[in-house]
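Reading the structure
Letter by letter, the chains look like this.
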Amino acid sequence: MEESRNSSIIDNGIDRISNLPEALIHHILSFLDMRCVVQTCVFSKRWRYVWPSVSNLVFRGDAFGKPGVKQLKRFKKFVTNVLMRRNFDDIHKYHLHWGNCNIQTNKIIRKHLDRWLLTGLVCNVQDLSICIEADDCRCDHEIRFPHFLFNSQSLTKLVLDLTHNAESQVILPESMDLPRLKLMSLSSFFVKDGDSINKLISGCPILESLILRDIWIENGYDMNVKIESHGLKHLEINSNIDILVCSHYNIAKIIKLSTPNLESFICKDYMLQEYCLENVPSLVTADIEILKESGYESLEKSHLEISEEEKKRLYPKRMAEFIRGFHNVKELTISSPGFLQSYTIVFYVYLALFWSSFKFPSTATCSIVSILFENLLAYST
């Protein structure tokens with residue numbers, strides 16, 4: 001067995017692994033996290049000097065033992081050493097991921113994060129992902145990402161994910177300019193005001209895909225967010241009301257969409273959130289789930305909660321506002337609980353479709369209305 005293994009590596013005295021083309025070695029290493037990449041230096045003398053020039057850097061905290069301060073210190077030391085020893089070649093992918101973050105480990109992270117990000121941005125990183133997973137959703141953090149992160153001239157993809165950590169606040173700079181960014185995904189944190197979100201979106205002129213998952217604005221019920229982008233093709237807004245800890249959070253009072261080239265829209269939210277679809281003529285697919293009940297105890301005790309009578313009035317109105325903007329859509333999925341159980345919604349749907357752009361709805365939309373009536377009649381019997 002051992003002889004067979006050695007023969008696959010060395011053939012007639014030639015070390016075949018060492019003689020692999022460098023481009024092929026880099027391709028193989030691109031599938032591994034950095035700890036595994038560094039460990040490949042034992043394969044051969046040549047591989048010992050290959051890892052400092054890899055362009056995909058993926059650092060995962062779970063590769064350094066059980067969660068805790070010791071784990072994060074080993075992770076911190078490893079990341080720092082790798083970044084100090086690698087070449088100054090351009091970085092294509094740069095991912096930093098650590099879980100089970102608490103108050104102690106958060107201090108370690110904040111102390112080194114700016115330095116790690118600067119290294120990547122100096123090397124013209126294109127794909128940047130930062131994921132901090134909290135072990136307690138009540139553990140609130142304040143993260144002030146460096147100004148140069150939101151003014152990168154090289155980034156094409158940006159992912160900021162503070163998983164299970166909705167009480168974390170991200171401080172955004174006054175000015176933001178990401179001229180090459182095409183995909184942005186933001187998850188699980190809140191900001192102080194809606195203007196910062198508006199500035200961030202407007203600072204991405206060629207953005208094609210935008211994902212907002214559990215992004216909140218403090219006292220957002222007094223603020224508007226306008227997603228205005230001519231190049232945007234995919235938009236996802238997912239607001240999980242169950243994870244909130246404080247009832248004074250909301251994503252905005254009104255979310256306005258002015259996205260003439262938007263093709264795909266996914267929205268999962270609570271009915272108190274008002275959406276205004278100003279300009280979405282190119283929409284092809286839409287997946288909508290608007291919750292009538294929040295399912296959140298603290299919200300029911302806050303000034304945001306409304307009476308049952310108001311829910312009955314507001315719920316079909318919100319649904320109709322959505323459907324009115326979907327007159328050109330080809331595939332519409334509505335999974336909102338209770339949607340088909342409301343007779344009132346039929347009236348609003350009909351009016352919304354009739355008056356939408358002052359023209360009759362498309363064949364696909366007419367089919368949707370027919371299905372609604374069939375389901376409502378079936379439910380009534």
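Keep in mind that what you see is a predicted model, and the values were worked out from it rather than measured. (Residues numbered from 1 in each chain as written. Predicted model: local features only at pLDDT ≥ 70, side-chain atom pairs only at ≥ 80, totals over all residues. Heavy atoms only, no water.)

In this section: the overall build of the protein. What the protein contains, in helices and strands, is 10 helices and 18 strands. Buried residues in the protein amount to 48% of all 381 residues. Relative to all contacts within the protein whose residues are 6 or more apart in sequence, the contacts with residues 24 or more apart total 71%. Carbon together with sulfur atoms contributes 53% to the accessible area of the protein, which is approximately 19,200 Å² in total. (Helix = DSSP H or I, 4+ residues; strand = E, 2+ residues; numbered from the N terminus. Buried < 20%, exposed > 50% of the residue type's maximum accessible area, 1.4 Å probe, protein only. Contact = heavy atoms within 4.5 Å. Areas by Shrake-Rupley, 256 points an atom, 1.4 Å probe, with all protein chains shown as cover.)

Here we take up the packing of aromatic side chains. Given two aromatic rings, one states the distance between the centres and the angle between the planes to describe the pair. Enumeration according to the criterion identifies 8 aromatic pairs in this entry. For the ring pair F64 and F78, a centre distance of 5.2 Å and an interplane angle of 55° mean the geometry is tilted. With F64 in the loop between β3 (56-60) and α4 (69-85) and F78 in helix α4, this residue pair connects regions lying 14 residues apart in the sequence. For the pair F64 and F78, a shared accessibility class is recorded, and that class is buried. What links up through ring pairs into an aromatic cluster is the set F59, F64, F75, F78, Y94, W98 and W116. Its end group placed over the ring of F64, R35 keeps NZ or CZ at 4.7 Å from the ring centre. (Phe/Tyr/Trp six-rings, centres within 6.5 Å; stacked < 30°, edge-to-face > 60°. Lys NZ or Arg CZ within 6 Å of the ring centre and 35° of its normal.)

A grouping of L118, V122 and F148 is seen on the molecular surface, where their side chains present a nonpolar patch of about 250 Å² in accessible area. Note that V122 resides in helix α5 (residues 103-122). (Patch = residues over 30% accessible without salt bridge, like charges linked within 9 Å, V, L, I, M, F, W, Y side chains within 5 Å. Salt bridge = Lys/Arg side-chain N within 4 Å of Asp/Glu carboxyl O.)

Structurally, S154 can be placed in the loop between β6 (142-143) and β7 (157-161). By relative accessible area, which is 7% here, S154 ends up buried.

A few words now on the nonpolar core. Soluble, globular proteins show a tendency: their nonpolar side chains are buried together. Judged by nonpolar contacts, the single largest core of 85 residues is most densely connected at F59, I227 and F265. Once residues lying within four places of it in the same chain are set aside, the contact partners of F59 are M34, F75, F78, V79, V82, L83, Y94, H95, L96 and H97. (Core = buried A, V, L, I, M, F, W, Y, C linked by side-chain atoms within 4.5 Å.)

A positive phi is found at S188, a non-glycine position, where the angle reads about 65°. Considering the arrangement of structural elements, one finds S188 in strand β9 (residues 183-191). By relative accessible area, S188 is classed as buried at 7%. Located in the positive-phi region is D214, a residue other than glycine, with phi close to 55°. Structurally, the position occupied by D214 is in strand β10 (residues 209-218). Classification of D214 by relative accessible area gives buried; the value is 11%.

Once the charged atoms of two side chains with opposite charge are near each other, the side chains can pair. Taken as a whole, this structure holds 4 salt bridges when the rule is applied. In this structure, D62 engages R60 in a salt bridge whose closest nitrogen and oxygen atoms are separated by 3.0 Å. Judged by relative accessible area, D62 falls into the partly exposed class, the value being 49%. With its nearest N and O atoms 3.1 Å apart, the salt bridge here joins E174 to K199. Of the two residues, E174 sits in the loop between β8 (169-170) and β9 while K199 sits in helix α6 (residues 194-202), which places them 25 residues apart along the sequence. Taking the relative accessible area as the measure of exposure, E174 reaches 64% and is therefore exposed.

Here helix α8 (residues 308-324) contains 17 residues, and its C-alpha end-to-end distance of 25 Å stays within 8% of the 24 Å for a straight helix at 1.5 Å per residue. All of the buried residues in α8 are K311, L314, Y315, P316, R318, M319, A320, E321, F322 and I323. (Expected span 1.5 Å × (residues − 1).)

Before going further, it helps to spend a moment on the sheet that holds strand β11 (residues 224-228). Read across the sheet, 3 strands follow the order β11-β14-β16 without closing on themselves; strand pairing throughout is parallel. Strands at the two margins of the open sheet, each flanked by one partner only, are β11 and β16 (274-279). This sheet shows a mean twist of 15° between the axes of neighbouring strands, independent of strand direction. (Pairing = 2+ DSSP bridges. Axes fitted to C-alpha atoms, helices over the stretch in contact; angles between N-to-C directions.)

A separate point is the pairing of strand β17 (residues 285-291). Burial of β17 is one-sided: the residues A286, I288 and I290 facing one way are buried, the residues T285, D287, E289 and L291 facing the other way are not. Inspection of the sheet shows strand β15 (residues 264-270) paired to β17 by 7 bridges, in the parallel sense. The residue of β17 that forms the bridge with I266 is D287.

Here the focus is the side chain of S30. Checked against the element boundaries, S30 lands in the loop between α2 (22-29) and α3 (34-39). At 2.5 Å, the side chain of S30 and the backbone oxygen of H27 are in polar contact. Other than its neighbours up to four places away in sequence, S30 contacts N56 and K93. (Polar contact = N/O pair within 3.5 Å; in protein donor to acceptor, adjacent residues only side chain to side chain.)

Relative to the helices and strands, P67 is located in the loop between β3 and α4. Residues P67 and G99, 32 residues apart in the sequence, show an inter-C-alpha distance of 7.4 Å.

Residues of α6 that are buried: G194, S196, I197, N198, L200 and I201. Buried-residue contacts for α6 involve β9, β10 and β11. Its side-chain oxygen 3.0 Å from the backbone nitrogen of D195, D193 forms the N-cap of α6.

Let us now look at the confidence of the model for the protein. Per-chain confidence: the protein averages 77 in pLDDT, with 71% of residues scoring 70 or above. Confidence drops under pLDDT 50 across residues 244-248; counting only partners more than four residues distant or on other chains, this segment forms 17 contacts. Confidence drops under a pLDDT of 50 for residues 363-367, and excluding neighbours within four residues, the segment shows 7 contacts in the predicted structure. (pLDDT = per-residue confidence, 0-100.)

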